[in-house]
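# Secondary and tertiary structure notes
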Amino acid sequence: MKYLSTRGGMAPLPFCAILLEGLAPDGGLALPESFPQVSAQTLEAWRALDYPALATEVLSLFIDDIPRDDLARLTHAAYAPGVFDAADVVPLKPLYGQTSLLGLSQGPTLAFKDMAMQFLGQVFEYVLDKRQVTLNILGATSGDTGSAAEYALRGKKGIAVFMLSPHGRMSDFQRAQMYSLQDPNIHNLALKGVFDECQDIVKALAGDLDFKSAYRLGAVNSINWARIAAQVVYYFWGWLRATSQSGQQVSFAVPSGNFGNILSGHIAREMGLPIRRLVLATNENNVLEEFFRTGVYRPRSAAQTYATSSPSMDISRASNFERFVFDLMGRDPDRVAQLWKQLAQQGEFDLSELRPQFESRYGFVGGISTHADRLQTIKSVYDRSGTLIDPHTADAVKVAAAHAEPGVPMLVLETALPAKFGETIQEAIGQPAPVPGHLKDLAGLPQRVRVMDCDVAQVRDYIKAHAAA
Ligand SMILES: *Cc1c(COP(=O)(O)O)cnc(C)c1O
């Protein structure tokens, strides 16, 4: 299995060669040369597997430069019982009728990003050890991604994490979650500024090429291919749990921002998994909903990006979208490069002539959910089923309802637990969300964080003094 770039300017490379990279050298994103195919017989043979064993099967189709026994060790460590708070890692929880939740939020940070990040932590450590090199992960976070990365990389050999966060601007829960980590390789730097200033410092240091190569700076952003591949596994898992017969179709509803999660669903469908519809839900930031409705892709400016009550979907552009457009363009890298050139010049591109294919060929449908929809959905799901859902999951439940079909199971991806978004839950049902037992004492734990000014030089000096050995 070799990987190429969506824009055509990268020689084919094996998995481990692209693992630690961000964008391809030509500015595109890495993708497999072709999607592996899974037959109906193979799918049936996978019914008896537990989650780590299924992950080994699916990931081995994308990763042929790690020996299979080693890969199995990595998946079993990533999806171990002590890491995920559910015996089967990803529980299928019936809501009502044909609609179920696929529970992706049983990991340490209570959100679906743990699913991919835990595997990433294992495979990073493995590849760095083989090559006898170290890596310093630098990132900025306003909450979710940073904590998932820290929990995945804590204690890993050869890796240090430097996570910048805006001092005093995260929720008590988020702060306690990140800052209570005591692992010496995890460095929380709380900067006296806002999130964008933290991000600017990351950009300045990553753009300082001498510093970047001398200190082996890396990132764990949402375009990382290993994250996309690891997410493909739970679409297979969900289908296996929701069906009893070969060929039976199910639909998935996915709350979307950067198009990472649902891209993995698209890939599973292209591999032959019997998926009927991929229902894409956005919040008020509807860049993707607009594309699937009109065929026009029109990223927004920061000023046009609203702060909503499903904050992890508040994006202005969808970083992973280019990978889907590559397929839409018949896998022609020249056409993709052309579109992104046009995007840079004109701020949008128009594929409305392909609109009929979105659903008929690829299964995609979309919809918007607003703050009022979110509150109403959280309340009605709670009243109807006794299950409390988080605001992001609520967006998907709302949009899923418009696309449900008789006889087709609808699996809504549960991307976070309600405990993370207490304020909105309180607003929706008039009472707080329950906090999982093992996190009740989180707020009382000692915190390990370095507060400093928003100053590139100070952050650089800190990294120099604490870089991975
Ligand atoms: C990141 C995130 C999303 C959006 O996922 P994408 O892969 O960016 O589309 C949705 N819900 C939650 C809770 C998230 O953390």
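The following refers to the structure shown.

Criteria and cut-off values
- Residues numbered from 1 in each chain as written.
- Predicted model: local features only at pLDDT ≥ 70, side-chain atom pairs only at ≥ 80, totals over all residues.
- Heavy atoms only, no water.
- Helix = DSSP H or I, 4+ residues; strand = E, 2+ residues; numbered from the N terminus.
- Rg over C-alpha atoms; globule rule 2.2 N^0.38 Å.
- Contact = heavy atoms within 4.5 Å.
- Areas by Shrake-Rupley, 256 points an atom, 1.4 Å probe, with all protein chains shown as cover.
- Near = heavy atom within 4 Å.
- Polar contact = N/O pair within 3.5 Å; in protein donor to acceptor, adjacent residues only side chain to side chain.
- Nonpolar A, V, L, I, M, F, W, Y, C, P; charged D, E, K, R; others polar.
- Axes fitted to C-alpha atoms, helices over the stretch in contact; angles between N-to-C directions.
- Parallel < 35°, antiparallel > 145°, perpendicular 65-115°, else oblique.
- Left-handed = near helix turned anticlockwise from the far one by under 90°.
- Pairing = 2+ DSSP bridges.
- Buried < 20%, exposed > 50% of the residue type's maximum accessible area, 1.4 Å probe, protein only.
- Salt bridge = Lys/Arg side-chain N within 4 Å of Asp/Glu carboxyl O.
- 1 Å grid on protein atoms, 1.4 Å probe; cavity = no way out; pocket = protein on both sides within 12 Å on 5 of 7 lines; lining within 4 Å.
- Points joined across faces, edges and corners; volume = space filled by probe spheres on them.
- Phe/Tyr/Trp six-rings, centres within 6.5 Å; stacked < 30°, edge-to-face > 60°.

## Things to note about the overall build of the protein chain
- Counting its regular elements, the protein chain contains 19 helices and 15 strands.
- In terms of overall dimensions, the protein chain is globule-like: its C-alpha atoms have a radius of gyration of 21 Å, near the 23 Å expected for 469 residues.
- For the protein chain, restricting intrachain contacts to residue pairs at least 6 apart in sequence, the fraction spanning at least 24 positions comes to 75%.
- Per element, the accessible surface of the protein chain, about 18,200 Å² overall, is 50% carbon and sulfur.

## Remarks on the side chain of Q231
- With respect to the element layout, Q231 can be found in helix α10 (residues 225-242).
- Q231 has contacts with F112, A116, G260, N261 and S264, leaving out every residue within four places of it along the chain.

## Topic: the site of the ligand
- Contacts to the ligand come from 15 residues, most closely from K113, G257, N258, N261 and T415.
- Within the backbone of G257, one N or O atom sits 2.8 Å away from an oxygen atom of the ligand.
- G260 places a polar main-chain atom, nitrogen or oxygen, 3.2 Å from an oxygen atom of the ligand.
- For the ligand, the protein covers 96% of the area, taking 390 Å² as the surface of the free molecule.
- Residues belonging to the shell around the ligand are distributed by class as follows: 5 nonpolar, 8 polar and 2 charged.

## Things to note about the packing of helix α5 (residues 113-131) against α10
- The geometry of α5 relative to α10 is characterised by a closest axis approach of 8 Å and an angle of 120 degrees between their N-to-C directions. Between α5 and α10, the interaxial angle falls into the category oblique. The way α5 lies across α10 gives a crossing that is right-handed. Two secondary-structure elements touch here, α5 through K113, M115, A116, M117, F119 and L120 and α10 through A226, R227, A230, Q231 and Y234.
- Class assignment of the residues belonging to the contact of α5 with α10 gives a composition of 8 nonpolar, 1 polar and 2 charged.

## Observations concerning the sheet that holds strand β15 (residues 450-452)
- Strands sit in the order β8-β5-β6-β7-β15 across an open sheet of 5 strands; the sheet is parallel. Both edges of this open sheet fall to β8 (217-218) and β15, since each of them pairs with a single strand only.
- Where strand β7 (residues 186-191) lies against β15, 3 bridges are found, and the strand directions are parallel. Following the sheet pairing, L189 is matched in β15 by R450.

## Some words on unusual backbone geometry
- For V89, which is not glycine, the phi dihedral falls at a positive 70 degrees.
- By the element assignment, V89 lies in the loop between α4 (68-78) and β3 (92-96).
- Judged by relative accessible area, V89 falls into the buried class, the value being 4%.
- Of note in this structure, R216 is not a glycine but carries a positive phi near 45 degrees.

## Examining the pattern of salt bridges
- Using the criterion set out here, one finds 21 salt bridges in the structure.
- A salt bridge links D172 to R175; the nearest nitrogen and oxygen atoms lie 2.6 Å apart. Here D172 and its partner R175 are both found in helix α7 (residues 172-179), 3 residues apart, which amounts to about one turn of the helix.
- On the basis of relative accessible area, R175 is assigned to the partly exposed category, the value being 23%.
- Bridged by salt links that share partners, the residues R276, R277, E359 and E405 form one connected network.

## Some thoughts on empty space enclosed by the protein
- Here the structure, examined in full by the defined rule, presents 1 cavity of 30 Å³ or more.
- Within this model, the largest cavity holds a volume of roughly 30 Å³.
- Lining the largest cavity are F15, I18, L19, N224, W225 and A226.
- Every element with two or more residues in the lining of the largest cavity is listed here: α1 (15-19) and α10.
- The biggest single contributor to the lining of the largest cavity is α1, with 3 residues.

## Some words on the packing of helix α16 (residues 371-385) against helix α18 (residues 422-429)
- In contact at an axis separation of 9 Å, α16 and α18 are set at 70 degrees when each is read in the N-to-C sense. As judged from the angle between their axes, α16 and α18 are roughly perpendicular. Contact residues: α16 offers H371, L375, I378, K379 and Y382, while α18 offers T424, I425, E427, A428 and I429.

## Remarks on the packing of aromatic side chains
- Under the criterion given, the structure shown has 28 aromatic pairs.
- An angle of 55 degrees between the planes, with centres 5.6 Å apart, marks the rings of Y3 and W225 as tilted. In this pair, Y3 is assigned in strand β1 (residues 3-5) and W225 in helix α10, connecting sequence segments 222 residues apart.
- Residue classification places Y3 among the buried residues on the basis of a relative accessible area of 0%.
- Judged by centre distance (5.7 Å) and plane angle (70 degrees), the ring pair of F62 and W225 falls under edge-to-face. Highlighted residues: F62 in the loop between α3 (51-60) and α4 and W225 in helix α10, separated in sequence by 163 residues.
- Clustering of aromatic rings is evident, with ring pairs tying together F259, F291, F292, Y297, F321, F324, W340, F349, F358, Y362 and F364.

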